[in-house]
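Letter by letter, the chains look like this.
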Amino acid sequence: MNETLDLDPHGIDARTFRHVVGHLTSGVTVVTTDCEGERFGMTASSVTSLSADPPLMLACLNNSVPTADAVSRSGRYAVNVLGQGHGDLAHTFAMPSPDKFAGVAVTRGSTGSPLISDALAHIECEVAERVVGGTHTIFIGRVVSATAYDGEPLTYFRGGFGRFEFARDDAVYTHARERILDRVHRAGDVVDVDQLAEQLEVDQTAVFYALTRLTGDGLVRRDPERGYVVTAFDASASDATFEARLAIEIGVLEQVIGRVPPEDLAAVRRDFDAMSALLVGERFVDFDAYLDANYAFHERLVGLAHNPVLDATFGTLSIKQVMTRSFGSTPVTSQRFIEAQRGITEGLEGADRERALSAAREYTDLAKERVREILQQTGGQL
Ligand SMILES: Cc1cc2nc3c(=O)[nH]c(=O)nc-3n(C[C@H](O)[C@H](O)[C@H](O)COP(=O)(O)O)c2cc1C
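Since this is a predicted model, take the numbers as computed values, not measurements.

This next bit is on the packing of aromatic side chains. With the rule as written, the count across this model stands at 11 aromatic pairs. Centre to centre, the rings of F242 and F327 are 6.0 Å apart; their planes meet at 20°, and the pair counts as stacked. Linking F242 in helix α7 (residues 235-256) with F327 in the loop between α11 (319-326) and α12 (335-349), this pair joins segments that are 85 residues apart in sequence. For the residue pair F242 and F327, the accessibility class agrees, reading buried in each case.

If you want it as structure tokens, here you go:
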């Protein structure tokens, strides 16, 4: 029953291997067993299906941990597939502790292994074979029972927990966003979930997911009676945001000009160059990429003050949403935006206070003016 895999002694070092293999995204499980009346459980991502006929699973467990020894002795284990909200559970079961099950709702499976009640799936196995590989044993389990429930999985990538997103959900969000920016849905319109789902040939869940993200973008709001309503956007909303950003940036420039360390100046220049490459002639190469680069540039300017309160205040301005709502509705823009931001960058580099401040003011005036032009083309509202 026992077989040993030979590992190449001339391979890469363990640290590099861990780093590289951390890029292999996985689900997260808790492998449990009951051995002589005692419950054991450990977080494990090295768990996978091996064969469908016969149904076999495998779990790779470190020989030195108590759960591996308990699985060896009991001859059975259950795989509890964790859901999106189970990050704390995954941490708890990844640390040695006398009673990891305290406060965790569990039932007893048909083989006697503990089953975590609100897991995304339960797979109960009887150990059929063991294979030793380095520090671990691969426990091949014959599947005795398997049940899945509704929910989203917890994922693990490069040492951190996260969530899974269907590419389809992102596509529905992008599509719905374009429809609002292109004014297929106008301010005050209700977005009909069923209709949109039918048009895009997706289920309602994908549409609700998109609408939740669009609410975060400020493009729709949830009306308790009408449903998801496209929000109105006018010049006063964008003026207020652009002026608030200007007030912060002027304050920061006044504080720092002539005293910015070379590494901070280099970072501003890098951000400026990255942003300007995304505006070719009078058009955005890729609006979303420009938006990110523009945000990074202005975030960097504010960051020159090294004041976390200012950083946080800048973050609350919803600049991206305002820009998406206005500039994002047309690919046409102007190099004058880049020139004004070049003025800020060069003003900082040359410790030229007047140049930097007047360029910051000019940039804000241009943005306000441009929103008015766009609004005029669209009848006053977006
Ligand atoms: C996300 C994640 C995945 C893990 N996957 C495994 C695994 O597949 N096999 C393993 O032996 N240990 C794995 N571990 C480490 C064990 O959970 C950890 O050693 C735990 O303390 C073992 O429990 P025990 O000491 O109570 O038996 C993982 C830890 C984390 C955080």
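Moving on: the nonpolar core. Of all hydrophobic cores here, the largest spans 49 residues; its most connected members are L253, Y290, L304, F327 and L348. Every element with two or more residues in this core is listed here: α7, α8 (262-276), α9 (287-303), α11, α12 and α13 (353-377). Counting residues per element, this core draws most heavily on α13, at 10 residues. Those residues in contact with L304 that lie beyond four places of it in its chain are V252, V256, V260, D264, V268 and L348.

Moving on to the environment of L304. In this structure, L304 sits in the loop between α9 and α10 (308-315). Residues L304 and K320, 16 residues apart in the sequence, show an inter-C-alpha distance of 20 Å.

With that out of the way, let us pick up the site of the ligand. In the neighbourhood of the ligand, 20 residues make up the surrounding shell, with T43, C60, N62, T67 and K100 lying closest. A distance of 2.7 Å separates an oxygen atom of the ligand from a polar backbone atom of T43. Coverage of the ligand by the protein amounts to 82% of the 640 Å² it exposes when considered alone. Of all the secondary-structure elements, those providing two or more residues to the shell around the ligand are β4 (38-44), β6 (55-62) and α2 (66-74). The leading source of residues in the shell around the ligand is β4, at 4 residues.

A word on α9. An ideal rise of 1.5 Å per residue puts 24 Å on 17 residues; α9 measures up with 24 Å between its terminal C-alpha atoms. Of all the residues in α9, the buried ones are F287, Y290, L291, A293, N294, Y295, F297, H298, L301, V302 and G303.

Further remarks concern the UniProt feature "domain: HTH gntR-type" (unreviewed entry) in the chain. Mapped onto this structure's residue numbering, the UniProt feature "domain: HTH gntR-type" (unreviewed entry) falls at residues 166-233. Taken as a whole, residues 166-233 contains 53% helix and 12% strand, while its terminal C-alpha atoms sit 30 Å from one another.

As assigned here, the chain comprises domain 1 (2-162), domain 2 (167-230) and domain 3 (235-377). Taking the mean C-alpha position of each, domain 1 and domain 3 sit 49 Å from one another.

Attention now moves to the pairing of strand β10 (residues 121-133). Two strands pair when backbone bridges link them, and strand β7 (residues 76-81) and β10 are joined in this way by 6 bridges, in the antiparallel orientation. By the bridge assignment for β10, V81 is matched with A121. Bridging between β10 and strand β11 (residues 136-148) involves 12 bridges; their strand directions are antiparallel. In the sheet register, G133 faces β11, and the bridge partner there is H136. The antiparallel hairpin formed by β10 and β11 contains 2 residues in its connecting segment, where G134 sits at a positive phi of about 60°.

Here the focus is the packing of α7 against α13. Axis angle and axis distance: for two packed helices, these are the angle between their axes and the distance between the axes, and together they describe the pair. Packing of α7 against α13 brings their axes to within 10 Å, and their N-to-C directions diverge by 170°. In this view, α7 runs roughly antiparallel relative to α13, as classed from their interaxial angle. Together, A235, S238, D239, F242, E243, R245, L246, I250, L253 and E254 of α7 and R353, A356, L357, A360, R361, Y363, T364, A367, K368, V371, R372 and L375 of α13 make up the contact between the two elements.

Analysis parameters
- Residues numbered from 1 in each chain as written.
- Predicted model: local features only at pLDDT ≥ 70, side-chain atom pairs only at ≥ 80, totals over all residues.
- Heavy atoms only, no water.
- Phe/Tyr/Trp six-rings, centres within 6.5 Å; stacked < 30°, edge-to-face > 60°.
- Helix = DSSP H or I, 4+ residues; strand = E, 2+ residues; numbered from the N terminus.
- Buried < 20%, exposed > 50% of the residue type's maximum accessible area, 1.4 Å probe, protein only.
- Core = buried A, V, L, I, M, F, W, Y, C linked by side-chain atoms within 4.5 Å.
- Contact = heavy atoms within 4.5 Å.
- Near = heavy atom within 4 Å.
- Polar contact = N/O pair within 3.5 Å; in protein donor to acceptor, adjacent residues only side chain to side chain.
- Areas by Shrake-Rupley, 256 points an atom, 1.4 Å probe, with all protein chains shown as cover.
- Expected span 1.5 Å × (residues − 1).
- UniProt positions renumbered as here; feature names shortened; annotations may be inferred.
- Domains from an automatic or database assignment.
- Pairing = 2+ DSSP bridges.
- Axes fitted to C-alpha atoms, helices over the stretch in contact; angles between N-to-C directions.
- Parallel < 35°, antiparallel > 145°, perpendicular 65-115°, else oblique.

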